[in-house]
Amino acid sequence: MRIPFQELKAEFKRVLLKLSFPPETADSCALVFAANSRDGVYSHGLNRFPVFVKLVQKGLIKANALPALLERNGAIERWVGNFAPGMSNASHCMARAVELAKINGIGCVAIKNTNHWMRGGTYGWQAADAGCIGICFTNATANMPAWGGKDPVLGNNPLVIAIPRKEGHVVLDMAMSQFSYGKMQEYELKNEALPFPGGYDEQGNLSTDPAVIRKTKLALPIGFWKGSGLSLVLDLLAVALSGGNSTGKISAQADETGVSQCFIAIRQPDMHDALIAEVLAYTKNSEAVKAGGQVSYPGERTLQTRLENEEKGIPVNEEIWMQVKNF
């Protein structure tokens, strides 16, 4: 089942207005949810929307709240999110980082007491569309073990790096686990096993069953100990820059809220486009493992999916779509 982009966005906005969101906030949040599904990140588009609604209904996401500036130190700013919608807070912070970068060459905005930003890549694309390199990361509730441990003590702590290009931005958006929990949900909804082990079962064995891994909260870190270490330092950076909650404090709550995030924009007048094109061409000319396949740079398939879904409509899970229609 495919739904046109504008219909999907309109339905999200209708629900948010019903939840007493200000019209401007409802529109911006609906746009993020619809754009995520349009770009093929269904786990943080339509599929995530019912969870978002429940958090609003619980009062954990404040529909009318706005972020506030706490302090400024040169090109670095620290904000408090006041538990406003994570997408609107994140969009605001990256916009501020871009403004600072256009003045200083670089801008860094950290925020505490905010909420889940949905697809982190959204804010990488935002920076790149503004002509800036974008780097952003967030901490999260614990759902991975530290290397050598057997308890979930690390967050998935996504990292986003975006590089602007006229021919199509390069946007790396990756979780610290082999498969993000949203991606595992997609496999679970389709009753499919993961193509590679994605975490541990209750006996400590590697598993390809997404339902089991989502239950144990023991996702496999990317690069084993390397992903474990990267997750930890991203949590440390988010806390050091924002003065907000760590993964440990976030995990002590029943629901994920009050997270800490950081947004960095870099403005470089000369991006050396020819050199970037040279690197990408060298990489893409590698022979593909599968016949008829090709090597893609981060963000390339996103653009292909975007164009296809804009033309044909956005694929939706019919059960979740009807759930949204009935809100």
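Above this text you will find the structure in question.
Residues numbered from 1 in each chain as written. Predicted model: local features only at pLDDT ≥ 70, side-chain atom pairs only at ≥ 80, totals over all residues. Heavy atoms only, no water.

J.: Which residues make up the overall build of the chain, and what are the values?
T.: Regarding its fold elements, the chain presents twelve helices and 13 strands. Here the C-alpha coordinates of the chain stretch approximately 50 × 50 × 45 Å along the principal axes. Taking all 327 residues of the chain together, 50% fall into the buried category. Side chains of the chain give 33 positive and 31 negative charges; the mean places of these two sets differ by 4 Å. (Helix = DSSP H or I, 4+ residues; strand = E, 2+ residues; numbered from the N terminus. Buried < 20%, exposed > 50% of the residue type's maximum accessible area, 1.4 Å probe, protein only. Lys, Arg positive; Asp, Glu negative; His and termini not counted. Charge placed at Lys NZ, Arg CZ, Asp CG, Glu CD.)

J.: I'd like a description of the layout of surface pockets, backed by residues and values.
T.: Counted as a void, the second largest pocket has a volume near 300 Å³. Lining the second largest pocket we find 18 residues, and of these Leu31, Ala35, Arg38, Arg119 and Thr122 sit closest to its centre. Secondary structure elements with two or more residues in the lining of the second largest pocket: helix H2 (23-38), helix H4 (86-104) and helix H5 (121-129). Residue contributions to the lining of the second largest pocket peak at seven residues, all from H2. Looking at the lining of the second largest pocket, its residues break down into six nonpolar, seven polar and five charged. (1 Å grid on protein atoms, 1.4 Å probe; cavity = no way out; pocket = protein on both sides within 12 Å on 5 of 7 lines; lining within 4 Å. Points joined across faces, edges and corners; volume = space filled by probe spheres on them. Nonpolar A, V, L, I, M, F, W, Y, C, P; charged D, E, K, R; others polar.)

J.: Requested: an account of the sheet that holds strand S8 (residues 159-163), with residues and values cited.
T.: Spatially, S2-S3-S4-S12-S5-S8-S9 is the arrangement adopted by the seven strands of the open sheet, whose pairing is mixed. Each edge of the open sheet is held by one strand with a lone partner, namely strand S2 (68-73) and strand S9 (170-174). When the angles between neighbouring strand axes are averaged without regard to direction, this sheet yields 10 degrees. Of the strands in this sheet, S2, strand S3 (76-80), strand S4 (106-114), strand S5 (133-138) and strand S12 (259-266) touch H4, which is tilted by about 160 degrees from S4. Packed on one face of the sheet, helix H8 (residues 225-242) meets S3, S4, S5, S8, S9 and S12 and runs near 90 degrees to S4. (Pairing = 2+ DSSP bridges. Axes fitted to C-alpha atoms, helices over the stretch in contact; angles between N-to-C directions. Contact = heavy atoms within 4.5 Å.)

J.: Can you tell me about helix H11 (residues 300-312), naming the residues and giving the values?
T.: In this model H11 runs 19 Å from its N-terminal to its C-terminal C-alpha over 13 residues, within 8% of the 18 Å that 1.5 Å per residue would give. Tucked inside the fold, the buried residues of H11 contact strand S1 (2-3), H2, H5, helix H10 (273-284) and strand S13 (314-315). Among the residues trailing H11, Gly313 stands out with phi positive, at a value near 100 degrees. (Expected span 1.5 Å × (residues − 1).)

J.: Any chance you could break down the pairing of S5 for me, citing the residues and the numbers?
T.: Two faces, one strand: in a regular strand the side chains alternate between the faces of the sheet. Burial runs high along S5: five of the six residues are buried. In this structure, S5 lies alongside S8, joined through four bridges in antiparallel fashion. If you follow Cys136 over to S8, its bridge partner there is Val160.

J.: Would you mind going over unusual backbone geometry in detail, with residue names and values included?
T.: The phi angle at Asn82 is positive, at roughly 55 degrees, despite the residue not being glycine. Within the secondary structure, Asn82 sits in the loop between S3 and H4. Here the phi dihedral of Asn191 falls at roughly 55 degrees; this positive angle occurs in a residue that is not glycine. Tracing the backbone through its elements, the reader meets Asn191 in the loop between helix H6 (181-189) and strand S10 (199-200).

J.: Give me the lowdown on the side chain of Ser207, citing residues and values where you can.
T.: Inspection of the secondary structure puts Ser207 in strand S11 (residues 206-207). Among the polar contacts made by the side chain of Ser207, one reaches the main-chain amide nitrogen of Asp209 at a distance of 2.9 Å. (Polar contact = N/O pair within 3.5 Å; in protein donor to acceptor, adjacent residues only side chain to side chain.)

J.: I'd like a description of the pairing of S2, backed by residues and values.
T.: Bridge count for S2 against S3 is five bridges, and the pairing is antiparallel. Paired with Arg72 across the strands is Glu77, a residue of S3. Remark: two residues form the turn of the hairpin made by S2 and S3, two consecutive strands paired antiparallel; Gly74 in that turn has positive phi of roughly 65 degrees.

J.: So what's going on with the pattern of salt bridges? Residues and values would help.
T.: On inspection of all chains with the given rule, the structure shows 19 salt bridges. Of the charged contacts in the structure, one is a salt bridge between Arg119 and Asp39, with a shortest N-O distance of 3.1 Å. Placement of Arg119 in the loop between S4 and H5 and of Asp39 in the loop between H2 and helix H3 (49-57) is noted, with a sequence separation of 80 residues between them. A single burial state applies to Arg119 and to Asp39, both of which are buried. Of the charged contacts in the structure, one is a salt bridge between Lys312 and Glu308, with a shortest N-O distance of 4.0 Å. (Salt bridge = Lys/Arg side-chain N within 4 Å of Asp/Glu carboxyl O.)

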